[in-house]
Amino acid sequence: MSLAWYVVHTYSGYENKVKEALEERVNSLVLHDEVTQILIPTENVAEYKGGKKKIITRKRYPGYIYVQMEMNKTTWHVVKNIPKVTGFIGGTKPVPIPDSEVQKLIESDNRLVEAKVIFAIGDRVDVVEGPFHGFNGVVTEVNSERRRIKVNVSIFGRETPVEFEYTQIQKI
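Here goes a summary of the coordinates provided. (Residues numbered from 1 in each chain as written. Predicted model: local features only at pLDDT ≥ 70, side-chain atom pairs only at ≥ 80, totals over all residues. Heavy atoms only, no water.)

## Here's the deal with the pairing of strand β1 (residues 4-10)
Of all seven residues in β1, six are buried; the element is thus mostly enclosed. Note that β1 and strand β6 (residues 85-88) share three bridges and pair antiparallel. Within β6, the residue paired with His 9 across the bridge is Gly 87. (Buried < 20%, exposed > 50% of the residue type's maximum accessible area, 1.4 Å probe, protein only. Helix = DSSP H or I, 4+ residues; strand = E, 2+ residues; numbered from the N terminus. Pairing = 2+ DSSP bridges.)

## Here we look at the environment of Leu 105
Inspection of the secondary structure assignment puts Leu 105 in helix α3 (residues 99-108). Residues Leu 105 and Gly 91 lie 14 residues apart in sequence; the distance between their C-alpha atoms is 23 Å. When residues no more than four places from it in sequence are discounted, the contact partners of Leu 105 are Pro 41, Arg 60, Tyr 61 and Tyr 66. (Contact = heavy atoms within 4.5 Å.)

## Quick notes on the sheet that holds strand β9 (residues 136-143)
Read across the sheet, five strands follow the order β11-β10-β9-β8-β12 without closing on themselves; strand pairing throughout is antiparallel. On the outer flanks of this sheet lie β11 (158-165) and β12 (169-171), each paired with one strand and no other. The average angle at which neighbouring strand axes cross in this sheet is 40°, direction not considered. Bridge count for β9 against strand β10 (residues 148-155) is six bridges, and the pairing is antiparallel. By the bridge assignment, Glu 141 is partnered in β10 with Lys 150. (Axes fitted to C-alpha atoms, helices over the stretch in contact; angles between N-to-C directions.)

## Regarding the side chain of Thr 10
When you line up the elements, Thr 10 lands in strand β1. Sequence-distant contacts of Thr 10, that is, excluding residues within four places in its chain, are made with Glu 15, Val 18, Gly 63, Tyr 64, Ile 65, Lys 84, Val 85 and Thr 86.

## Things to note about unusual backbone geometry
We note that Lys 84 has phi near 75°; this positive angle belongs to a residue other than glycine. Relative to the helices and strands, Lys 84 resides in the loop between α2 (73-80) and β6. We note that Phe 156 has phi near 50°; this positive angle belongs to a residue other than glycine. Tracing the chain through its elements places Phe 156 in the loop between β10 and β11.

In structure tokens form, the structure reads like this:
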């Protein structure tokens, strides 16, 4: 028996339902030895809304699930006939992906990814936290590596450059 990982294309947003349906079908047909694992790659993302940091889990590849299985006519038909499955990557002759690639996905599921906040020079922003809360200004410099932004803020009628973290400001 040769188990390998295959990528299955599903309707986007139905990955969990496809996984549940496939698990039920495997249980009812007693194919535990032939279909061993079903994986939906996810990542934890830190998003900043209203100056607050929220950690959410989102699907890394919407519309795809990974199935570790022995590829034969029976298992191919079982997977292909699940509702909301459009097929395997590779079509009628699915190509397995290397175990090392799947292992990287599993290992990276637990790491935290910072959401990309896009600020550009010239953007008008409001300060939402810190000592300058309530002020607004114009972005003059963006340092995405340090997640810091320099903003010209009007203090007592004079433009003063102030450095902020991404969480302290939001676009107007």
